[in-house]
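Inside the fold
Below, each chain spelled out in residue letters.
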Amino acid sequence: MKKLTSFVVDDIPEALEMLSNDIERNHPEIEIIGTASSVVEASKQLQSLEPDLLFLDIMLGDGTGFDILEIVPNLNTKVIFVTASDEYAIKAFKFAAIDYILKPYSINELTNAITKAKEQIKPKKEQLSVLKQLVTQPTEKPKRLSLHTSEKIIIVDIENIVRCKSDNNYTTFYLQDNTKILVSKTLKYYSDILKEVNFLRVHQSHLVNKSFIKEFIKSDGGYLILNDSSNIPVSVRKKSEIIAALKNK
């Protein structure tokens, strides 16, 4: 079987050597065909190389990993970010749904990221733009969310998400145009992200966009009526929180 090829970028020599060694020791199916420690060096090599996997640090001495992807825009590779970046960068990865490993990483994390990267489609310019916006402007609230389905990656405007419903380890997104999107991540994962952008976890199985709430009915246990006429149950322990949130709507 033909080996997968990879390229590793990190501006710290020890980190570059450690990651390269971990890949070679634990993944004999992957061949490292090049390494680099800067944007200029990596971009120059990647003009002529076409690795299957790109292990990419974010903050480099002469720029960022995103600069490399912009300089070589037609690079057909699966990107795994390996970073020691702080919270705003991690949040960016969550919104853009690109695999990442946070330093210091474990071998299991490396293996999981490689497995996911093998299944991902080609990086899209639109995904890159979401990532760059969030990393370069960490104080601004994100406006788009990248959703992985079994067939493709769909980038949606957050303001068009009406609600999300849990189904065990899956989440269904209901959009304003009546589109439904099923993704294989838990509701808690999206609740942690979307709570900062006008969403309320009103029930164990339901997350709603506050902008689409039409009424809160206090009888019959309590439930919300949304603009799309859907009825969403409200858990008892969430009632006071919902009332307070709606007062400030």
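What you see is a predicted model; the values in this text were computed from it and never measured.

How each quantity is defined
The numbers attached to residues start from 1 for each chain and follow its sequence in the written order. A pLDDT threshold of at least 70 governs which residues receive local features in this predicted model, and a stricter bar of 80 or more applies before side-chain atom pairs are shown or counted, although totals over entire chains, interfaces and linings include all residues. Values reported for side chains reflect all heavy atoms of the structure, with hydrogen atoms and water molecules removed beforehand. Among buried residues, the Ala, Val, Leu, Ile, Met, Phe, Trp, Tyr and Cys ones that are joined through side-chain atoms within 4.5 Å form a nonpolar core. To sort residues, take the accessible area from a 1.4 Å probe on protein chains only and compare it with the maximum for the residue type: under 20% means buried, over 50% means exposed, and anything in between is partly exposed. Contact criterion: two residues are considered in contact whenever any of their non-hydrogen atoms come within 4.5 Å of each other. Numbering of helices and strands runs from the N terminus, with a helix taken as a DSSP run of H or I at least four residues long and a strand as a DSSP run of E at least two residues long. A pair of strands is treated as paired once DSSP finds two or more bridges between them.

1. Regarding the nonpolar core
- By size, the foremost hydrophobic cluster in this structure holds 17 residues, and its most contacted members are Phe7, Val9, Leu46, Leu54, Leu56, Ile68 and Phe81.
- For Leu56, the residues in contact, after removing those within four places along its chain, are Val9, Gly65, Ile68, Leu69, Val79, Ile80, Phe81 and Val82.

2. Focus: unusual backbone geometry
- In this model, Lys103 is joined to Pro104 through a cis peptide bond whose omega is -5°.
- Secondary-structure assignment places Pro104 in the loop between strand 7 (100-102) and helix 5 (107-119).
- Even without a glycine there, the phi angle at Asn198 is positive, about 80°.
- Turning to its location among the elements, Asn198 is positioned in the loop between helix 7 (187-194) and strand 13 (199-203).
- Residue classification places Asn198 among the partly exposed positions, given a relative accessible area of 30%.
- Phi angles above zero are rare outside glycine, and Ser229 is one such case at about 75°.

3. Describing the pairing of strand 8 (residues 144-148)
- The buried fraction of strand 8 amounts to four of the five residues, a majority that puts the element mostly inside the structure.
- Judged from the five bridges that link them, strand 8 and strand 9 (residues 153-157) form a sheet pairing that is antiparallel. Bridging across to strand 9, Arg144 finds its partner in Asp157.
- Between strand 8 and strand 9, which pair antiparallel in sequence order, lie four residues.

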